[in-house]
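# Structural overview
Spelled out from the first residue to the last, the chains are:
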Amino acid sequence: MLMNSKFLSSAAFLTAKPFASNFRHAGSSQITLAAVRLSVFASCSSWSSSSLSRNSSLPPLKSVDTSLAVLEMDRDRLSLLRDAAAEFPPPPGKKFSYGTAGFRTDGSLLHSTVFRTGVLAALRSLKTEKVIGLVITASHNQEADNGIKVADPDGGMLTMDWEVYADIIANAGDANLFVKAVEEIVKKEDIQFGSASGKVLLARDTRRSGPSLVEAARKGIEAVSGVSAEGKGVLTTPQLHWMVRATNKGSVGSESEYFDTLSSAFRSLLDLGPSGVSERGPLIVDCSNGVGAEKVTCLQRSLEGLNDMEIRNTGRNGEILNYLVGADFVQKEKVLPQNFDAVRDEGKRCVSIDGDADRLVYFYTGQSVTELTPVLHLLDGDKIMALFAAFIADQLRSIVNVTGSAVKQESFAPVIPGYGAVKFGVVQTAYANGASTRYLQQNLGLEVVLTPTGVKHLHEKAAAYDIGIYFEANGHGTVLFRDSFVHWLKKNGDTLPAVEGKLAAKRLEAVSELVNQAVGDALSGILMVELILRYQGWSIQQWDTIYTDLPSRQLKVKVLDRSVITTTAAETRVKSIPQLQEAIDNEVEKYEAGRAFVRPSGTEDVVRVYAEAATQELADNLAREVGLLVHQLAGGV
Ligand SMILES: CC(=O)N[C@H]1[C@@H](OP(=O)(O)O)O[C@H](CO)[C@@H](O)[C@@H]1O
Ligand SMILES: [Mg+2]
């Protein structure tokens, strides 16, 4: 408000919709299921919050009460913001886009973008009057890349309205133009400087460019008066999102609380499980040479031997992040990561996580029908979702059975007396294997929604259910519980008629603690898979048989400008080049069970091609042919 009088300059360049709060978890309820034990994981937090929590020297407007003085202060603050921004000039000629999952590019080109995103996160904190998160990571990208992502107050992705602002300020030109863009945002959002103080939690992954980018982000955050940065050190992306959510719900939101919450929920779920539930043998974890190695070690410690894990690809001897390892590599290339051996590890239960530990895919090696040497069997995000969905449907059915109520047929919405219809649905993208969609719809009777790629789209749809599960085939996903449904379970679970009903209610309540409610999380995902396998008494091979994937292939095609391709129908059809879509349609028709689509990546400078068909050979051929069409008709290089 105080800035507004002064910030009425320049053309109305902002076309973004007015701010609409998407904070869905307001309230101060405690988030832990069991009492949080005093932590033994202090060593798991690598730097203390105080190490980065230096407040800006910018003058707080709060203390000023005459308008002349306010204007003076405004000028001071603006010139300080301009000076700070001038330290981080944008690289000439480079255009930045917030993309599928934040800004990503070569780490050496990102300092200005990261500084400016720091400013944006600070403004977002003032606007929402909540804690915001920033994480410096490029996830599965090569080591030289880096990136930055904003976590909103509910721990989810930055609201899409503000992505527009992120793009504007990242591309605003020199420090003067940048400050002008900031003024416009302040004006548009009616951000109050005098009365509010803000906080931004800041974390990074293990990339070499991380520390200097954290510094740039901190300077950006603290260049906004009244806002402080709290350094959280090296964290997985989902840990940071979890902490933002927890802090805004009135919890401590520390790393030790995170591990305590997960391990307590896991312990409770084991106690609530069928008797005689035993471990399925050690799980081998491929940590992608990234942050996951340290954090899985912490998780193991917090589980105190409850689930045996062997850790590989830790990066502790200088091995390169994401190089021939990790969830993205295994899922896309369908080959074993480094340090896994098809024969020596034959039949063992393995999982790969990605560079920032927000994705997981399981796999094992074993004989195939057609080949003599062991082959990789991938249990991707789709199969993980199917496992989760079947488990949750079972619990809901148990409650419905004991209450003698009905399951509505049109979609899976069991009616629980006293609560009503529990809306339960699943969300996928076009990359989901066709066999998984069929399994979810036909075997489990679930409603399946398709969205464009990117967790922000899936999350939004899943949050519309009482229990909504979303997963990308690449292994990013989670299970979201509506707050009111969890409250109902807590209050009424014990009053359900039979022991199975009570147990099912308690299990669901514990699952809402075990599974990260902010964002997909490889660590909590692993615990959930491990738990369900133990409940079912299944090996990974038995889990694999719930359905058989249709053979598929993914390719990347380099084109001059990937933005020439725009898509429609949840990214399954090309809109901007009709002759390309027509040619793809003609090609797909030639293949038994054929399906193919192309879309520009939001994280890499490529066009992605996806193809499915009745045999692997056919899927490979279809992908190759469609790739050639992209090359010919969309400016391949
Ligand atoms: C096919 C694929 O796996 N795409 C990934 C990848 O996005 P692209 O826009 O396709 O580059 O990275 C995103 C962020 O991690 C993830 O959400 C998404 O699923
Ligand atoms: Mg990731």
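Residues numbered from 1 in each chain as written. Chains lettered and ligands numbered in written order. Predicted model: local features only at pLDDT ≥ 70, side-chain atom pairs only at ≥ 80, totals over all residues. Heavy atoms only, no water.

## Section: the overall build of the protein
- Broken down by element type, the protein carries 18 helices and 22 strands.
- Within the protein, the fraction of its 637 residues that count as buried is 59%.
- Contacts spanning at least 24 positions in sequence make up 72% of the contacts within the protein whose residues lie at least 6 apart.
- By element, 52% of the accessible surface of the protein is carried by carbon and sulfur atoms, the whole surface being about 23,800 Å². (Helix = DSSP H or I, 4+ residues; strand = E, 2+ residues; numbered from the N terminus. Buried < 20%, exposed > 50% of the residue type's maximum accessible area, 1.4 Å probe, protein only. Contact = heavy atoms within 4.5 Å. Areas by Shrake-Rupley, 256 points an atom, 1.4 Å probe, with all protein chains shown as cover.)

## Here we look at the packing of helix H10 (residues 381–403) against helix H11 (residues 434–443)
- In contact at an axis separation of 10 Å, H10 and H11 are set at 10° when each is read in the N-to-C sense. Of the possible angle classes, the one that applies to H10 and H11 is roughly parallel. For the pair H10 and H11, contact is made by Asp382, Met385, Ala386, Ala389 and Ala390 and by Ser436, Tyr439 and Leu440, respectively.
- Class assignment for the residues of the contact of H10 with H11 results in six nonpolar, one polar and one charged. (Axes fitted to C-alpha atoms, helices over the stretch in contact; angles between N-to-C directions. Parallel < 35°, antiparallel > 145°, perpendicular 65-115°, else oblique. Nonpolar A, V, L, I, M, F, W, Y, C, P; charged D, E, K, R; others polar.)

## Focus on helix H9 (residues 326–333)
- Burial analysis of H9 places seven of its eight residues in the buried class, the great majority of the element.
- Here the buried face of H9 lies against strand S6 (283–286), strand S8 (350–353), strand S9 (360–366), strand S10 (375–379), strand S18 (552–557) and strand S22 (607–612).
- Once H9 finishes, Lys334 follows within two positions and takes phi at roughly 55°, a positive value.

## Some words on the coordination of the magnesium ion (ligand 2)
- Ligation of the magnesium ion (ligand 2) by protein atoms is provided by Ser139 (OG), Asp354 (OD), Asp356 (OD) and Asp358 (OD), these donors lying 2.0 to 2.1 Å from the ion.
- Between consecutive donors of the magnesium ion (ligand 2), the numbers of intervening residues give the motif S-x214-D-x1-D-x1-D. Of this pair, Ser139 sits in the loop between strand S2 (131–136) and strand S3 (145–151) while Asp358 sits in the loop between S8 and S9; the two residues are 219 residues apart in sequence, bridging distant segments of the chain. Like Ser139, the residue Asp358 is buried in the burial classification. (Donors = N, O, S within 2.8 Å, 3.2 Å for Na, K, Ca; no water.)

## Here's the deal with the packing of aromatic side chains
- One pass over the full model with this rule turns up 17 aromatic pairs.
- Here Trp162 and Tyr165 contribute two aromatic rings whose centre-to-centre distance is 5.1 Å and whose plane-to-plane angle is 70°, an arrangement assigned as edge-to-face. With Trp162 and Tyr165 both in helix H3 (residues 160–170) and three residues apart, the pair spans about one turn of that helix.
- Between Tyr362 and Trp543 the ring centres are 5.3 Å apart and the planes differ by 70°, which places this aromatic pair in the edge-to-face class. Here Tyr362, found in strand S9, pairs with Trp543, found in helix H16 (residues 540–544); they are 181 residues apart in sequence, far enough to count as distant.
- Exposure remark for Trp543: the relative accessible area of 0% places this residue in the buried category.
- Following the ring pairs from residue to residue traces out a cluster consisting of Phe88, Phe115 and Phe178.
- Over the face of the ring belonging to Phe96 we find Lys94, whose NZ or CZ atom lies 5.9 Å from the ring centre. (Phe/Tyr/Trp six-rings, centres within 6.5 Å; stacked < 30°, edge-to-face > 60°. Lys NZ or Arg CZ within 6 Å of the ring centre and 35° of its normal.)

## Quick word on the nonpolar core
- Counting 90 residues, the largest nonpolar core has Tyr362, Phe388, Ile392, Phe424, Ile469 and Trp543 as the members making the most contacts within it.
- In terms of residue count, the dominant contributor to this core is H10 (13 residues).
- Excluding residues within four positions of it along the chain, Phe424 makes contact with Ala389, Ile392, Ala393, Leu396, Phe412, Leu446, Tyr465, Ile467 and Ile469.
- Among the nonpolar cores identified, the runner-up in size contains 50 residues, and Leu110, Ala122, Ala181 and Ala223 belong to it. (Core = buried A, V, L, I, M, F, W, Y, C linked by side-chain atoms within 4.5 Å.)

## Section: the environment of Ala327
- Counting through the fold element by element, Ala327 comes out in helix H9.
- For Ala327, a relative accessible area of 0% gives the class buried.
- Here the alpha-carbon distance between Ala327 and Gly355, two residues 28 residues apart in the chain, equals 8.3 Å.
- If near-sequence neighbours (up to four positions away) are discounted, Ala327 is found in contact with Ser352, Ile353, Asp354, Arg359 and Val361.

## Side note on the sheet that holds strand S21 (residues 595–600)
- Read across the sheet, three strands follow the order S18-S22-S21 without closing on themselves; strand pairing throughout is antiparallel. A strand with exactly one partner marks an edge of an open sheet, and here the two such strands are S18 and S21. On average, each strand axis in the sheet is inclined to that of its neighbour by 15°, with strand direction left out of account.
- As judged from the six bridges shared by S18 and S22, these two strands associate in the antiparallel manner. Each bridged residue has a counterpart across the sheet, and for Arg553 the counterpart in S22 is Ala611. (Pairing = 2+ DSSP bridges.)

## Topic: the site of ligand 1
- For ligand 1, the set of nearby residues contains 17 residues, the closest of which are Asn474, Ser601, Gly602, Thr603 and Arg608.
- In this structure, Glu472 approaches ligand 1 through a side-chain N or O atom, which is 2.7 Å from an oxygen atom.
- Here an oxygen atom of ligand 1 sits 2.7 Å away from a polar atom, N or O, in the side chain of Asn474.
- Relative to its unbound accessible surface of 440 Å², ligand 1 loses 97% to contact with the protein.
- Split by domain, the residues of the shell around ligand 1 number at least three in each of domain 4 (391–518) and domain 5 (552–633). (Near = heavy atom within 4 Å. Polar contact = N/O pair within 3.5 Å; in protein donor to acceptor, adjacent residues only side chain to side chain. Domains from an automatic or database assignment.)

## Notes on the UniProt feature "active site" (unreviewed entry) in the protein
- In the UniProt entry, the feature "active site" (unreviewed entry) is given for Ser139.
- If sequence neighbours within four positions are ignored, Ser139 has contacts with Arg104, Asp205, Arg207, Asn322, Asp354, Gly355, Asp356 and Asp358.
- Within the structure, the side chain of Ser139 is placed 3.3 Å from the side chain of His140, a separation counted as a polar contact. (UniProt positions renumbered as here; feature names shortened; annotations may be inferred.)

## Thoughts on unusual backbone geometry
- Positive phi outside glycine occurs at Ala357, with the angle close to 60°.
- Tracing the backbone through its elements, the reader meets Ala357 in the loop between S8 and S9.
- For Ala357, a relative accessible area of 0% translates into the label buried.

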